[in-house]
Protein chains: 2
Amino acid sequence: MGGRTYRLTLAYDGTRYRGWQRLPNGALTVQGSVERALSELFGQPIEVSGSGRTDAGVHAEMQVVSFSAPEQAPAALLSRLRRLLPEDIGALSLDYAAERFHARLCATEKTYVYRVWNSELPDVFERRFRVQLPQKLDLAAMRAAAELMVGTHDFKAFCANKQFKKSSVRTLKSLQIETDGAEVRFVLTADGFLYHMVRILVGTLLEIGMGRREIASVEESFASRRRETAGETAPAKGLCLKEVRYD
Amino acid sequence: MGGRTYRLTLAYDGTRYRGWQRLPNGALTVQGSVERALSELFGQPIEVSGSGRTDAGVHAEMQVVSFSAPEQAPAALLSRLRRLLPEDIGALSLDYAAERFHARLCATEKTYVYRVWNSELPDVFERRFRVQLPQKLDLAAMRAAAELMVGTHDFKAFCANKQFKKSSVRTLKSLQIETDGAEVRFVLTADGFLYHMVRILVGTLLEIGMGRREIASVEESFASRRRETAGETAPAKGLCLKEVRYD
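Residues numbered from 1 in each chain as written. Chains lettered and ligands numbered in written order. Predicted model: local features only at pLDDT ≥ 70, side-chain atom pairs only at ≥ 80, totals over all residues. Heavy atoms only, no water.

Chemist: How should the relation of the copies chain A and chain B be read in this particular structure?
Modeler: The two chain copies are connected by a rotation around an axis plus a translation along it. Structural alignment of chain A on chain B gives an RMSD of 0.0 Å, achieved by rotating through 180° and translating 0.0 Å along the axis. Look at the turn and shift together and you get a two-fold axis relating the two. Proximity to the rotation axis, assessed at the C-alpha, singles out Glu 126 of chain A in chain A; its C-alpha lies 4.5 Å from the axis. (Least-squares fit on C-alpha atoms with pLDDT ≥ 70 in both.)

This is the structure we're talking about:
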């Protein structure tokens, strides 16, 4: 009975969790919760790899996960898994994958969405998933700055990890700013994202939108690579991993 | 300093609450929470009237409330009220009303929405506001039954209150069944609703949709006026008071 590689897709409301990554102290994490359920299903310890880590309070509409485990019919496993997972973690699909499939190493592109509730009105129903910002935003200035961000750049100024040794060059393929009623939504697609990169890009754009920062500061951040030249890190709860793509 | 009548509109996520109506034992209710905040604002006990009671776990996109209190500028009161209310109760607007305005007695029409997530897929983000039902639903049969429900009828069979002494005749002005992806949404407008009426009507329609009940049973329920001839009461969390109208 050789093991199989499985591909699992999840959605989760990150509100209660200390982020994706399993923590040694037993703190509540999404990875830890999923591994506990899978280990119970298979009757042996199962470790999973996610396409990437999400921070504490960040959500996912589609997180992709790979793991190795004994061969069992995926459809039956999926039903049992759904019953074991808490209601804020949903198993969307479960299938066999190619033996060498790895959710993180094989990912070629990700899309994140960041949602802002741009109104004074209380945001009762979506409050876990949107950040409220009542100030008027200059969308044209934000879109001009977003244009400067798109492309292949060294995003070191937009990364919270100071000891980052590897390349901080990434290709931001698109950054759309959409509106839907009082919601302002940032949709970012890249070949990869650095630690806190989406939240710092969005924080910078919001400061530009509020007139507290110049559009040109984006170019200075790329040139200097210094974190302190960029904006504040936008709060976690507005962020959601929307999609992970593979070749 | 004569008192003024105020009209307050609220939205709330009813998940945490034992319903709208203040309870003597100090249980958490929406009315109790709003009265506590207003009493703090005005420095004296304030009692409010809602357009109607919502059950434990039922939500409101727009609940209308009236109360009498000393004259103070509504705009400033509204800002202070928003800071005092918990994040799952939002104050949408606050204005002076005509002296004789009463949120319940003056209401002429209400609209409720009931939301069903008609899919096997986990409903991670809207799980507080939708009831999951994976079974295939016969929408045509449900719409035919809904047609029978619309109109002026004695809805006693669709009311949970057995000791109901007053008239149980109501005019259901419309009952639309809409779909939006995997969501099936019931939108009901009437001049008034009896206790549990929306949830029993929806429960009956869902049983018809699943093929467990005949369309014609609706007519039998109207004729017999017996609760046990109608369907189960659909769960509270799918229900939301959407709008209250006044002449």
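Chemist: Just checking my understanding: could you explain the packing of helix H3 (residues 139-149) of chain B against helix H4 (residues 197-209) of chain B for this structure?
Modeler: Between two packed helices, the angle of one axis relative to the other and the distance separating the axes together describe the packing. Residue and element names in this part refer to chain B. Where H3 meets H4, the axes come as close as 8 Å, and the angle between the chain directions of the two elements is 145°. Two packed elements cross with a definite hand, and for H3 against H4 that hand is right-handed. Contacts between H3 and H4 involve Ala 141, Met 142, Ala 145, Ala 146 and Met 149 from the former and Leu 201, Thr 204, Leu 205, Leu 206, Ile 208 and Gly 209 from the latter. For the contact of H3 with H4, a count of residues per class yields nine nonpolar, two polar and no charged. (Axes fitted to C-alpha atoms, helices over the stretch in contact; angles between N-to-C directions. Helix = DSSP H or I, 4+ residues; strand = E, 2+ residues; numbered from the N terminus. Left-handed = near helix turned anticlockwise from the far one by under 90°. Contact = heavy atoms within 4.5 Å. Nonpolar A, V, L, I, M, F, W, Y, C, P; charged D, E, K, R; others polar.)

Chemist: Any chance you could explain the interface of chain A and chain B here in plain terms?
Modeler: Accessible area lost upon the coming together of the parts serves often as the stated size of an interface. At the interface, 22 residues of chain A touch 22 residues of chain B. Of the roughly 1,700 Å² buried at the junction of chain A and chain B (both faces included), carbon and sulfur atoms supply 63%. When the buried area of chain A at its contact with chain B is split by residue, Val 124, Phe 125 and Arg 127 of chain A rank highest and sum to 34% of it. At the surface where chain A touches chain B, the tally comes to five salt bridges. Notably, a salt bridge pairs Glu 120 of chain B with Arg 82 of chain A, separated by 4.0 Å at the nearest N-O pair. On the surface where chain A and chain B come into contact, there are six residue pairs in polar contact (both at pLDDT 80 or more). Listed by contribution, the elements that provide at least two residues to the side of chain A that touches chain B are strand E1 (3-12), strand E3 (59-70) and strand E4 (89-96) of chain A. The biggest single contributor to the side of chain A that touches chain B is E4 of chain A, with four residues. Across the side of chain A that touches chain B, the residue classes tally to eleven nonpolar, two polar and nine charged. (Buried area = accessible area lost by both parts, 1.4 Å probe. Salt bridge = Lys/Arg side-chain N within 4 Å of Asp/Glu carboxyl O. Polar contact = N/O pair within 3.5 Å; in protein donor to acceptor, adjacent residues only side chain to side chain.)

Chemist: I keep staring at empty space enclosed by the protein and nothing clicks. Help me out?
Modeler: By rolling a water-sized probe across the atoms, one finds the places where empty space is left. One pass over the structure, following the stated rule, counts one cavity of 30 Å³ or more. Each pocket or cavity is described by its volume, and for the largest cavity that value is around 70 Å³. Lining of the largest cavity is provided by Asp 13, Phe 125, Arg 127, Arg 128 and Phe 129 of chain A together with Val 124, Phe 125, Arg 127, Arg 128 and Phe 129 of chain B. (1 Å grid on protein atoms, 1.4 Å probe; cavity = no way out; pocket = protein on both sides within 12 Å on 5 of 7 lines; lining within 4 Å. Points joined across faces, edges and corners; volume = space filled by probe spheres on them.)

Chemist: How should I be thinking about the nonpolar core in this particular structure?
Modeler: Looking at soluble globular proteins, one finds that nonpolar side chains tend to be buried together. One finds Leu 8, Leu 10, Leu 38, Phe 67 and Phe 186 of chain A to be the most contacted residues of the largest nonpolar core, which totals 73 residues. Broken down by element, this core gets its largest block of residues, eight residues, from helix H4 (residues 197-209) of chain A. Apart from the residues within four sequence positions on either side, Phe 186 of chain A is in contact with Tyr 112, Val 113, Tyr 114, Val 116, Met 142, Leu 175, Gln 176, Ile 177, Val 202, Leu 205 and Leu 206 of chain A. Core analysis: the second largest hydrophobic core is formed by 72 residues, Tyr 6, Val 30, Ala 60 and Val 202 of chain B among them. (Core = buried A, V, L, I, M, F, W, Y, C linked by side-chain atoms within 4.5 Å. Buried < 20%, exposed > 50% of the residue type's maximum accessible area, 1.4 Å probe, protein only.)

Chemist: Would you explain the pairing of E1 of chain A in this entry?
Modeler: Sheet faces and side chains relate simply in a regular strand, where the side chains alternate between the two faces. All names here are of chain A. In terms of burial, E1 is largely enclosed, as seven of its ten residues are buried. In this sheet, E3 lies alongside E1 in antiparallel orientation, the contact comprising nine bridges. Looking at the pairing, Thr 5 lines up with Ser 68 of E3. When E1 meets E4, the two strands line up antiparallel, connected through seven bridges. From the neighbouring strand, Leu 10 faces E4, where its bridge partner is Ala 91. (Pairing = 2+ DSSP bridges.)

Chemist: Before we go on, may I ask you to explain the pattern of salt bridges in this structure?
Modeler: A pair can form between side chains of opposite charge whenever their charged atoms are brought close. This model, assessed by the stated rule, comprises 43 salt bridges over all chains. Arg 225 of chain A is the salt-bridge partner of Asp 154 of chain A, the closest N and O atoms lying 2.5 Å from each other. Linking Asp 154 of chain A in strand E7 (residues 151-154) with Arg 225 of chain A in the loop between helix H5 (217-224) and strand E10 (239-246), this pair joins segments that are 71 residues apart in sequence. For Glu 183 of chain B, the salt bridge goes to Arg 115 of chain B, with nearest N and O atoms at 2.9 Å. Remark: Arg 115 of chain B occurs in strand E5 (residues 107-117) and Glu 183 of chain B occurs in strand E9 (residues 183-190); sequence separation between them is 68 residues. Judged on exposure class, the residue Glu 183 of chain B and its partner Arg 115 of chain B are both buried. The structure contains a network of salt bridges with shared partners spanning Arg 115, Asp 123, Glu 126, Arg 130, Glu 178, Asp 180, Glu 183 and Arg 185 of chain A.

Chemist: I'm lost on helix H2 (residues 74-84) of chain B in this one. Help?
Modeler: It helps to recall that an α-helix has 3.6 residues per turn; residues three or four apart then point in one direction. All names here are of chain B. Here H2 has its buried residues at Pro 74, Leu 77, Leu 78 and Leu 81. Along the long axis of H2, the arc covered by the buried residues comes to 100°, so they all point the same way. H2 presents Ala 75 and Arg 83 as exposed residues on the side facing more than 90 degrees away from its buried surface. On the buried face of H2, the contacting elements are strand E1 (3-12), helix H1 (30-42) and strand E4 (89-96). (Arc of directions from axis to C-beta.)

Chemist: Sorry, what's going on with the packing of helix H3 (residues 139-149) of chain A against H5 of chain A here?
Modeler: Residue and element names in this part refer to chain A. Packing of H3 against H5 leaves a shortest axis separation of 9 Å and a crossing angle of 25°. Between H3 and H5, the crossing angle belongs to the class labelled roughly parallel. Judged by the twist between their axes, the crossing of H3 over H5 is right-handed. Contacts from Ala 145, Leu 148 and Met 149 of H3 reach H5 at Val 218, Glu 219 and Phe 222. Among the residues forming the contact of H3 with H5, the class breakdown is five nonpolar, no polar and one charged. (Parallel < 35°, antiparallel > 145°, perpendicular 65-115°, else oblique.)

Everything listed is a geometric property; what it means functionally is a separate question.
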